[in-house]
Amino acid sequence: MPFDEQTGRQGDARAIDDEGVDGLEIGELERQQLRERLDDDERIQHALRGRIMDYETNDDDRDRREESRTRKMASRGRDLLTLVTDRRLMVVIQREVPADHEYRSIPSNELTGATLETANGNQRLVLRGPKRYYIDVGRSATDDATAACSTIRQQIAAESDDDSFDSLERLEALFEQGHLTEREFEAMKRELLE
C-alpha cells in the first residue's frame, strides 16, 4: 500500500491501477461481492477510505437539506470504501460481517460538481447532483484523494460535453425540419455553446 508522508496514511489507489478488485486490501468474500456488483468491463480507477458518509437533498433551503440528511457509518474497525470507477462511484459501507455491507452507487452522469475539502481536520469529498454527498476520505493519502476528485471532475465534464453535443444535434434537426428560423437556431446554438 502506498504511504503518504504528509498525512502518515496509507492508500491503495495506485495499487489498483493494474490489478482492479484484486489490488484492494479487502477480504476474499468482499472481493467476490464487489465483483458481482461491478459491470464486467467496469474499471476501478481510485479507492479511498474513510468512516462516514452523509447525504441530503440538493435543496437551496438549508433547513430542508438538514432535515433530509442521512448518515451512513462503517462499523468500528472497518472502513467506508469509496471506489471511483470509469462510470460511477461505489461506496461500500463495511459492517462487521461482509454479508451485511451496504453498497451505494452514484452514477457519474448524475453529478454536477465535485470538490475536496477539509472539515474538522478531516478530508471529505463533496459531490453535488440530485443529492449532496459528503464522503469522508480521511484515511486515504492526500494525493490519492486529490487524484480521485480530479477524475470525478473529468467525468462530469465529459458528461456535460456529451449532453451539449446531443443537444446541438437535436437543435440542428429541429432547424432542418423547419421548426426553427435561422435566427432562432443561431441564438440557441450560441447559448448552448457558451
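Just so it is clear, the structure is predicted and the values come from calculations on it, not from any experiment.

Right, let's get into the overall build of the protein. The helix and strand inventory of the protein stands at 5 helices and 11 strands. For the protein, the proportion of its 194 residues judged to be buried stands at 42%. Partitioning the intrachain contacts of the protein with sequence separation of at least 6 by distance along the chain shows that 54% fall at a separation of at least 24. Counting only carbon and sulfur atoms, one obtains 42% of the accessible surface of the protein, whose full area is about 11200 Å².

Strand order in the open sheet made by the 5 strands is S5-S4-S11-S10-S9, with antiparallel pairing throughout. Here the strands that pair on one side only, and so sit at the sheet edges, are strand S5 (70-73) and strand S9 (113-119). Going across the sheet, the axis of each strand differs from the next one's by a mean of 20 degrees, ignoring polarity. The pairing of strand S4 (residues 52-57) with S5 spans 4 bridges and is antiparallel. Looking across to S5, one finds that Tyr-55 is bridged to Thr-70.

Looking at the element boundaries, Pro-98 is found in the loop between strand S7 (88-93) and strand S8 (102-107). A C-alpha to C-alpha distance of 8.7 Å links Pro-98 and Gly-27, two positions 71 residues apart in sequence.

On to the environment of Val-137. In this fold, Val-137 is placed in the loop between strand S11 (131-136) and helix H4 (142-176). Judged by relative accessible area, Val-137 falls into the buried class, the value being 0%. Sequence separation between Val-137 and Ile-52 is 85 residues, and the spatial gap between their C-alpha atoms is 8.5 Å. Beyond its immediate chain neighbours, meaning those up to four positions away, Val-137 contacts Leu-48, Arg-49, Gly-50, Leu-116, Gln-123, Arg-124, Leu-125 and Ala-145.

Once that is clear, we can look at the side chain of Arg-88. If you trace the backbone, Arg-88 turns up in strand S7. For Arg-88, a relative accessible area of 12% corresponds to the buried category. Among the polar contacts listed, one links the side chain of Arg-88 to the side chain of Ser-105, at a separation of 3.1 Å. Setting aside its immediate chain neighbours within four residues, Arg-88 contacts Arg-37, Leu-38, Asp-39, Glu-42, Leu-83, Ser-105, Ile-106, Pro-107 and Ser-108.

Our next topic: the sheet that holds strand S3 (residues 44-50). The strand order across the open sheet formed by 4 strands is S3-S6-S7-S8, and the pairing between neighbours is antiparallel. The sheet terminates laterally at S3 and S8, the two strands that pair on one side only. Going from strand to strand, the sheet's axes swing by 15 degrees on average, the running direction of each strand aside. Against the sheet, helix H2 (residues 28-37) engages S3, strand S6 (80-85), S7 and S8, with an angle of about 145 degrees to S7.

Attention now goes to the packing of aromatic side chains. On inspection of all chains with the given rule, the structure shows 1 aromatic pair. The ring of Tyr-103 is capped by Arg-37, whose NZ or CZ atom sits 3.7 Å from the centre of that ring.

Summing up the model confidence of the protein, the mean pLDDT is 84 and the portion of residues at 70 or higher is 86%. For residues 1-15, every residue scores under 50 in pLDDT, and the model assigns this stretch 44 contacts once sequence neighbours within four places are set aside.

The rules behind these values
Residues numbered from 1 in each chain as written. Predicted model: local features only at pLDDT ≥ 70, side-chain atom pairs only at ≥ 80, totals over all residues. Heavy atoms only, no water. Helix = DSSP H or I, 4+ residues; strand = E, 2+ residues; numbered from the N terminus. Buried < 20%, exposed > 50% of the residue type's maximum accessible area, 1.4 Å probe, protein only. Contact = heavy atoms within 4.5 Å. Areas by Shrake-Rupley, 256 points an atom, 1.4 Å probe, with all protein chains shown as cover. Pairing = 2+ DSSP bridges. Axes fitted to C-alpha atoms, helices over the stretch in contact; angles between N-to-C directions. Polar contact = N/O pair within 3.5 Å; in protein donor to acceptor, adjacent residues only side chain to side chain. Phe/Tyr/Trp six-rings, centres within 6.5 Å; stacked < 30°, edge-to-face > 60°. Lys NZ or Arg CZ within 6 Å of the ring centre and 35° of its normal. pLDDT = per-residue confidence, 0-100.

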